[in-house]
Amino acid sequence: MALLSILHHPDPRLRRKAALVTRFDDALRALIEDLFETMYAAPGTGLAANQVGMSMRLAVMDCSETRSQRIVMINPEIISSDERREMEEGCLSVPDIFDKVQRYNRLHLRALNEFGEPFEVCAFGLMAQCIQHEIDHLDGKLYIDYLSPLKRERIKKKLLKREAA
Ligand code: GNR
Ligand code: NI
């Protein structure tokens, strides 16, 4: 097991669309263990592979308060959703900055597990929000993309200043 380092905005690697996973081997499952370890240590409710520099459509999540409900989603797709509502959001790649974005409250997810087996789940609230956030990562998107250009510019300056310090 290993702690991986999480890339921060504006790293260009966060902006690439991640590739579909086609090999379900022990190396993939070792990476998944490292993603969980890194996510729990951060701490965060989710972590996408491209946040640690691996351009693969893979994310791990645990939205439970007890940190005991691990979910692995590979090649995920949202197959249905309801109306959007405003939710407060943050991201480990945009540290210590929070803002409100529009997200579906309920959705139906289809994905593969670490063995390449398909599953579907219905999610709502924080878990639904987290699924949308992680799928955005896999498409090279960050939640700050939904904010105004002015806010986005301020956030970028703040992060660059911090990294330089
Ligand atoms: O830890 C996280 N919390 C969070 C809160 C609201 C909406 C999404 C998230 S995901 C985030 C971890 C992260 O950056 N995952 O990519
Ligand atoms: Ni994130």
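Residues numbered from 1 in each chain as written. Chains lettered and ligands numbered in written order. Predicted model: local features only at pLDDT ≥ 70, side-chain atom pairs only at ≥ 80, totals over all residues. Heavy atoms only, no water.

A. Seen up close, the nonpolar core. Counting residues in hydrophobic clusters, the biggest one holds 16 residues, and the most contacted among them are Leu28, Ile32, Leu35, Met56, Leu58, Val60 and Ile74. Mapped onto this core, the elements with two or more residues apiece are helix H1 (26–41), strand S2 (58–61) and strand S3 (71–81). Among the elements that make up this core, the one with the highest residue count is H1 (six residues). With residues up to four places along the chain from it excluded, the contact list for Met56 reads Ala18, Ala19, Val21, Leu28, Leu31, Ala49 and Leu138. Formed by 14 residues, the second largest nonpolar core is a distinct cluster that contains Met61, Leu109, Ala123 and Leu138. (Core = buried A, V, L, I, M, F, W, Y, C linked by side-chain atoms within 4.5 Å. Buried < 20%, exposed > 50% of the residue type's maximum accessible area, 1.4 Å probe, protein only. Helix = DSSP H or I, 4+ residues; strand = E, 2+ residues; numbered from the N terminus. Contact = heavy atoms within 4.5 Å.)

B. Representation of the layout of surface pockets in the model. Space inside the largest pocket adds up to approximately 380 Å³. Considering the residues around the largest pocket, the lining is formed by 21 residues, among which Thr45, Glu89, Gly90, Cys91 and Leu92 are closest to the centre. Here the lining of the largest pocket takes six residues from helix H2 (residues 125–138), the largest share from any one element. Among the residues making up the lining of the largest pocket, the classes are represented as nine nonpolar, eight polar and four charged. Considering only enclosed or pocket space, the second largest pocket measures out at about 210 Å³ in volume. (1 Å grid on protein atoms, 1.4 Å probe; cavity = no way out; pocket = protein on both sides within 12 Å on 5 of 7 lines; lining within 4 Å. Points joined across faces, edges and corners; volume = space filled by probe spheres on them. Nonpolar A, V, L, I, M, F, W, Y, C, P; charged D, E, K, R; others polar.)

C. Highlighting the pairing of strand S6 (residues 106–112). Bridge count between S3 and S6: five bridges; the pairing is antiparallel. When the bridges of S6 are listed, Ser80 appears paired with His108. Taking the residues between adjacent antiparallel strands as the criterion, S6 and strand S7 (residues 118–124) are bridged by five residues, where Gly116 takes a positive phi near 85°. (Pairing = 2+ DSSP bridges.)

D. Representation of the site of ligand 1 in the model. Within the structure, ligand 1 sits among 13 residues, and Gly46, Gln51, Leu92, Glu134 and His137 are positioned closest to it. His133 places a polar side-chain atom, nitrogen or oxygen, 3.2 Å from an oxygen atom of ligand 1. One nitrogen or oxygen atom from the side chain of His137 is found 2.9 Å from an oxygen atom belonging to ligand 1. In isolation ligand 1 has 380 Å² of accessible area, and contact with the protein removes 89% of it. Taking a 2 Å distance to the grid points as the criterion, the majority of the atoms of ligand 1 fall inside the largest pocket. If you list the elements that add at least two residues to the shell around ligand 1, you get strand S4 (84–91) and H2. Split by residue class, the shell around ligand 1 holds two nonpolar, eight polar and three charged. (Near = heavy atom within 4 Å. Polar contact = N/O pair within 3.5 Å; in protein donor to acceptor, adjacent residues only side chain to side chain. Areas by Shrake-Rupley, 256 points an atom, 1.4 Å probe, with all protein chains shown as cover. Sits in = over half its atoms within 2 Å of the grid points.)

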